[in-house]
Amino acid sequence: MNIHEKYIKRCIELAQNGLGNTYPNPLVGSVIVYKDRIIGEGWHQKAGEAHAEVNAINSVKDESLLKKSTIYVSLEPCSHFGKTPPCSDLIIARGIKKVVIGSMDPFAKVAGRGIKKLMEAGCEVKVGILEKECQHLNRRFFTFHKKQRPYIILKWAQTRDGFMAPEKRDEKRPVWITNKYSGQLVHKWRSEEPGILVGTKTLLDDNPSLNVRKWTGNNPTRIIIDRDLKAPADYSVLDGKQKTIVITGKSSEKNIKGDLIYEEVEFSRNIAAAVCEVLYKHEIQSVIIEGGQNTLQQFIDAGLWDEARIFTGAADFKNGLKAPELSGKLVSEKDISGDRLKIYKNDQDDNI
C-alpha cells in the first residue's frame, strides 16, 4: 500500500461513521496531511450539515500549514451550491494546492466539475486512488444515480432444512428462526438504510412494525406491497408513526394522508421494476426487502438485487414455506451465536 492509498483508506474508515445519517448525500471522509502526518480529519456526519472537507479543514489547529498540506478525500469535492457551499471553493480559498481523490462523483451536478474547478485554480489533483473501494463505500449512492433505482438488499432467515416459515401458525406474529443477536443486527441494518419493504403475505401474517426497536438510529421509510389494500386499519404499518408508502393497484386510494402515501402501480407488469420506479421517485437510495418468499423471488427473478443477507438458524421445520432460490457470489460468512450469516452479491450485474 503506497502513501496515497494509506490516507484514502483512512478517509473510507472515517466516512463509514456517517452510515444511515447522510441520505440523500454520499458517505465521505477526508484527511489533511502535512509532512506525512495527519493534522486534520473529518467526515460528512449528517445531511444538510458540513461536508467532510469542511470538517477536516476546521479541525486543523495551525491553519498556516494548510497551504503546505495535501487534502485527501474519498469522493470528488462538490462544485455546486446545495444546502452548503461548494467544497472545491473552500479548498481553493484555503490555498491547499495538492488534492488526492478516491473516486469521481456520479451526481450530475458534480460529475467531474469539482476536479475541473480545482485544476483550473492551479491545484495538483490525483484521482482514482482505491477507486473500487471508494465506489463500494458509496454503492447505494452510485447505484441510485447510475441506474436510477435503489440499491437492493435482500434479507431472510431460513431453517437448516431450507424453510422460511412452518406449514401452519396459530397467530399473526413472526415465527422466529434466528436468535436475539441476529435480531438485533437486523435492527442495526434497518437504521442504516432509508427504506424497508415487505409484501402482502408477510404484512398480513406478521403485522410487522418495520421500525428500529433493538438499536439506536433512524427508522426507515416503510414500503408495503398491498395490491388490494387488505391490511386492516389497525395494523402497525398504518399507525402514522413513520413514513409509509403503500404500493397498490387501487387507483381510488391513491392519495397522501400525512406520512401515509399511496402509490398506484400496474400489477400486470414486472412488479419489481414498478417498485423500483416508485422508490426512485421518492429518492430512496437503498431498501432492505425482508420478505416474504414470493416478493423476494420476484426481485431475484427480475435480476433486481445487489446484495443478499441470509441467516440460517439452528431449527428444522421439515415442511412449510421454502426459502427463495438465489444464485450469487458469496462474499462473507460468519457465525452469530449459533446462527450462520452468509452475504452474497449479484454477480450477474455490473455491481458498484
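In every chain, residue numbers begin from 1 and rise along the written sequence. The model is predicted, so local features are restricted to residues of pLDDT at least 70 and side-chain atom pairs to those at 80 or more, both for listing and for counting; the totals for chains, interfaces and linings are taken over all residues. Side-chain numbers come from the whole structure's heavy atoms, not from hydrogens or water.

Buried Ala, Val, Leu, Ile, Met, Phe, Trp, Tyr and Cys residues that are joined via side-chain atoms within 4.5 Å together make up what is termed a nonpolar core. For every residue, the accessible area obtained with a 1.4 Å probe (protein chains only) is divided by the maximum for its type, and the residue is called buried under 20%, exposed over 50%, and partly exposed between those limits. Ile152, Leu154 and Phe299 are the most contacted members of the largest nonpolar core, which totals 31 residues. Among the secondary structure elements, those contributing two or more residues to this core are β6 (151-158), β9 (221-225), β10 (244-248), α9 (271-281), β13 (286-289), α10 (293-301) and β14 (307-312). The biggest single contributor to this core is α9, with seven residues. Formed by 23 residues, the second largest nonpolar core is a distinct cluster that contains Ile57, Leu75, Ile101 and Leu118. Secondary structure elements are taken from DSSP: a helix is a run of H or I of four residues or more, a strand is a run of E of two residues or more, and numbering for both begins at the N terminus.

In this section: the pattern of salt bridges. Each salt bridge in this description consists of a side-chain nitrogen of Lys or Arg and a carboxyl oxygen of Asp or Glu lying within 4 Å of one another. Applying the stated criterion to the full structure yields 18 salt bridges. In this structure, Glu41 engages Arg10 in a salt bridge whose closest nitrogen and oxygen atoms are separated by 2.8 Å. You can see Glu41 sitting in strand β2 (residues 37-43) and its partner Arg10 sitting in helix α1 (residues 3-15), a full 31 residues away along the chain. A salt bridge links Arg222 to Asp239, with the nearest nitrogen and oxygen atoms 2.8 Å apart. You can see Arg222 sitting in strand β9 and its partner Asp239 sitting in the loop between β9 and β10, a full 17 residues away along the chain. Classification of Asp239 as partly exposed rests on a relative accessible area of 36%. Several salt bridges converge on common partners, so that one network encompasses Lys9, Arg10, Glu13 and Glu41.

On to the UniProt feature "active site" (unreviewed entry) in the chain, then. UniProt positions are given in the numbering used here, feature names are shortened, and annotations may be inferred rather than shown by experiment. In the numbering used here, UniProt assigns the "active site" (unreviewed entry) feature to Glu53. Inspection of the secondary structure assignment puts Glu53 in helix α2 (residues 52-58). With relative accessibility at 3%, the residue Glu53 sits in the buried group. Residue contacts follow a heavy-atom distance rule, with two residues in contact if any of their heavy atoms lie within 4.5 Å. In this view, Glu53 contacts Ser30, Ile71, Val73, Leu75, Pro77, Cys78, Cys87 and Ile91; residues no more than four positions away in its chain are not counted.

The positions UniProt marks with the feature "binding site: substrate" (unreviewed entry) are Arg190, Asp206, Leu210, Arg213 and Glu290. Tracing the chain through its elements places Leu210 in the loop between α8 (200-206) and β9. Setting aside residues no more than four positions away along its own chain, Leu210 makes contact with Arg190, Ile196, Val198, Pro220, Arg222, Ile224, Val237 and Gln242. Mapped onto the fold, Glu290 is located in the loop between β13 and α10. Other than its neighbours up to four places away in sequence, Glu290 contacts Lys155, Val186, Arg190, Ile196, Leu197 and Val198. Here a polar contact means two N or O atoms within 3.5 Å. Within protein one must be a hydrogen donor candidate and the other an acceptor candidate, and residues neighboring in sequence count only if both atoms are side-chain atoms. Here Arg190 takes part through its side chain, which lies 3.1 Å from a polar atom of the side chain of Glu290.

The next thing to look at is the pairing of β10. Within β10, five of the five residues are buried, leaving the element largely enclosed by the surrounding structure. Going residue by residue along β10, you find Thr244, Val246 and Thr248 tucked away on one face and Ile245 and Ile247 tucked away on the opposite face as well. Bridge count for β9 against β10 is four bridges, and the pairing is parallel. Looking at β10, one finds that Ile223 is bridged to Ile245. For two strands to count as paired, DSSP must find a minimum of two bridges between them. Judged from the five bridges that link them, β10 and strand β12 (residues 260-264) form a sheet pairing that is parallel. Paired with Thr248 across the two strands is Glu264, which belongs to β12.

This brings us to the environment of Leu65. You can see Leu65 is positioned in the loop between α2 and β3 (70-75). Given the relative accessible area of 13%, Leu65 is considered buried. Measuring from C-alpha to C-alpha, the distance between Leu65 and Val33 comes to 9.4 Å, with 32 residues separating the pair along the chain. Not counting residues within four places of it along the chain, the set of residues in contact with Leu65 comprises Tyr34 and Ile39.

With that settled, consider helix α4 (residues 113-120). All of the buried residues in α4 are Gly114, Ile115 and Leu118. The buried residues of α4 occupy an angular sector of 100° when projected down its axis, which confines them to one face. Counted as exposed and oriented over 90 degrees from the buried face of α4: Lys116 and Glu120. Packed against the buried residues of α4 are α3 (87-93), β4 (98-103) and β5 (124-127). Directions drawn from the helix axis to the C-beta atoms are what define this arc.

Looking now at the domain arrangement of the chain. The split into domains, and so the bounds of each, comes from an automatic or database assignment of domains. Split into domains, the chain comes out as domain 1 (3-141) and domain 2 (148-345). Each of domain 1 and domain 2 has a C-alpha centre, and these two points are 35 Å apart. On the domain 2 side, the residues contacting the nine residues of domain 1 number ten residues. With both sides pooled, the region where domain 1 packs onto domain 2 buries about 820 Å², and carbon together with sulfur makes up 46% of that total. In terms of surface lost to domain 2, no three residues of domain 1 exceed Tyr23, Arg139 and Arg140, which account for 60% of the buried area on that side. Scanning the region where domain 1 abuts domain 2 turns up two salt bridges. Buried area: the accessible surface (1.4 Å probe) lost by two parts on joining, summed over both.

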